[in-house]
Amino acid sequence: FPVWYNFAARINTIFMPEKGFSNCTPLFWLATAAASVGCGFQHGYALAILANTLPIIKNRFDVSDVYMSGIVSGNALGAILGAVLAGYAADRLGRRKALLLNSIFLNVGWSLMAGAPSQHFFLVGRVAVGFGVGAGSVLGNMFLSEISPVSIRGFIGNMFGVSGSLGFFLSVGLGMPPVIGYKDIGWRLVFAFPILLVLFQDAVLLACPDTPPYLAAIKQDIQETLTSLAKYRKFLSEEEVENVVYGEADVNHTGNRVLFLREILSDSGHRLALII
C-alpha cells in the first residue's frame, strides 16, 4: 500500500496546476521540441545516415575503402571534440547562445555533405556534423533539464533519447535505395533534410530566454532568472522560485560551483571519478 500511495501522490503532483505538465507554457513545449530535434534527432540521424547511403557515395566519388572508413569515423572524431568543448561554451556563452553557435557547425556540415563536389568536402562536412552532434548531446540535455520543472524533469530529459531514436529510424528509412532512387539528387536531399530541423531550432531559440539555473548560478541575475521562469511557467510557485533563484544564486558561495575542465583534470579525486 505505501508503494502505491507514493506512486499515486507522485502522479497527482505532476498534474497539479502549479507543477508539472499543466504549469508549462507553449513556449516551454516549443523549446523542448526545438532542442530535441536540433540535438537528439541530429545525433541519431547522423549516426545511421551512412547505413544505406554508403555504397552510393562510394560509387559517386570513386574512393577507396580506407578513405570511406575515414568518412564513417569522422563523425565520432568530431563528436569527441564537440562534447569536450560544449561545457566550456555553455558556461561562457550561456546554454541558448551555445546551442545557436553549435547550429552553425551542423548547418555547415550537412550543407557540405549534401552539396559535396568531391569526397574531401564530404569528409569535412562529416567531421563538422560530428562536432555538432557531440556538442549537442551535452548542450541539448543541459538545456532540457534546466528549463524543466523538477516533477517532470526525467520525462522531458528523455525526449532527447526519443528524438534520437526517431532520427536513427528515419535516416535508415530515407536512405534506402527504393526511397532515394539512384540519381545523384536523391542522396543529397537526404543529407540536406536535417538543415530544416536545425533552422527550426534556431527560430525557436531566438524567442526563448536562457535557462533559469544558468541565469541564477552563473550570471547571478535574479531579475533575468525570474523573467525566464515566467516565460516557461504559467504559475510561479514560491517553492520553485526559492529553489531556482536563491538556491542556484548561492551555489558559488557554498563551494558547489561548476568546475571547468582544467580544474577537474588538476585534481586527483576528480580525475579518478572522470576515469571511472
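If you're wondering where the values come from, they're calculated on a predicted model, not measured in any experiment.

Asker: What am I meant to see in the confidence of the model for the protein here?
Answerer: Close inspection of predicted coordinates is inappropriate in any region flagged by low pLDDT. In this model, the protein carries an average pLDDT of 86, and 88% of its residues clear a pLDDT of 70 or more. No element of the protein has a lower mean pLDDT than helix α13 (residues 251-254), at 47, and none a higher one than helix α5 (residues 95-114), at 96. Here residues 7-15 is modelled with pLDDT under 50, and outside its nearest four sequence neighbours on either side it reaches eleven contacts, counting other chains as well. For residues 251-255, every residue scores under 50 in pLDDT, and the model assigns this stretch six contacts once sequence neighbours within four places are set aside.

Asker: Explanation requested: the nonpolar core in the structure shown.
Answerer: Residues I57, W110, F122, W187 and F191 are the most contacted members of the largest nonpolar core, which totals 27 residues. Counting only elements with at least two residues in this core, the list comes to α2 (26-48), α3 (50-61), α4 (65-93), α5, α6 (119-147) and α9 (184-205). In this view, I57 contacts L50, M68, F122, W187 and F191; residues no more than four positions away in its chain are not counted.

Asker: For this particular structure, what's the right way to read a nonpolar patch on the surface?
Answerer: On the surface, a cluster of nonpolar side chains totalling about 400 Å² of accessible area is made up of L93, L101, I104, F105 and V108. It is α5 that contributes the most residues to the nonpolar patch, four residues altogether. With respect to the helices and strands, L93 occurs in helix α4. By relative accessible area, which is 38% here, L93 ends up partly exposed.

Asker: Hey, could you run me through the packing of aromatic side chains in this one?
Answerer: Note on aromatic pairs: each is described by the distance of the centres and the angle between the planes. Applying the stated rule across the entire model yields 14 aromatic pairs. Summarising the aromatic geometry, the rings of F61 and F122 are spaced 6.2 Å apart at their centres and angled 55° between planes, so their arrangement reads as tilted. One end of the pair, F61, is in helix α3; the other, F122, is in helix α6, and 61 residues separate them in sequence. On the basis of relative accessible area, F61 is assigned to the buried category, the value being 8%. The interplanar angle of 80° and the centroid separation of 6.0 Å between the aromatic rings of F61 and W187 together place this pair among those described as edge-to-face. Of the two residues, F61 sits in helix α3 while W187 sits in helix α9, which places them 126 residues apart along the sequence.

Asker: What's the story with the pattern of salt bridges in this structure? I'm lost.
Answerer: Taken as a whole and assessed by the stated rule, the structure comprises seven salt bridges. A salt bridge links R95 to D91; its shortest N-O distance comes to 3.1 Å. As far as burial versus exposure is concerned, R95 and D91 are alike and both buried. Its salt-bridge partner being R188, residue D184 comes within 2.7 Å of it at the nearest N-O pair. Of the two residues, D184 and R188 both sit in helix α9, four residues apart, roughly one turn of that helix. We classify R188 as buried; its relative accessible area is 12%.

The rules we used
- Counting starts from 1 at the beginning of each chain's written sequence and moves along it residue by residue.
- Only residues with pLDDT of 70 or above have their local features reported here, since the model is predicted, and side-chain atom pairs are shown and tallied only from 80 upward, although totals for entire chains, interfaces and linings are computed over all residues.
- Computation of side-chain values: all heavy atoms of the structure, hydrogens and water removed.
- Every residue carries a pLDDT, the predictor's confidence in it, which falls somewhere between 0 and 100.
- A helix here means a DSSP run of H or I that spans at least four residues, while a strand means a run of E at least two residues long, and both kinds are numbered starting from the N terminus.
- Any two residues whose heavy atoms approach within 4.5 Å are treated as being in contact.
- By convention a nonpolar core is built from buried Ala, Val, Leu, Ile, Met, Phe, Trp, Tyr and Cys residues, the set being connected through side-chain atoms within 4.5 Å.
- Residue burial is assigned from relative accessible area. The probe radius is 1.4 Å, only protein chains are included, and a residue is buried under 20% of its type maximum, exposed over 50%, and partly exposed in between.
- Patch criteria: residues need more than 30% relative accessible area and no salt bridge. Like-charged residues are merged within 9 Å; nonpolar side chains of Val, Leu, Ile, Met, Phe, Trp and Tyr are merged within 5 Å.
- To measure how exposed things are, a 1.4 Å probe is used in the Shrake-Rupley method; for residues, cover is taken only from the protein chains shown.
- For salt bridges, the criterion is a side-chain nitrogen of Lys or Arg within 4 Å of an Asp or Glu carboxyl oxygen.
- For Phe, Tyr and Trp, where Trp contributes only its six-membered ring, two rings pair if their centres lie within 6.5 Å, and the inter-plane angle classes them as stacked under 30 degrees, edge-to-face over 60, or tilted in between.

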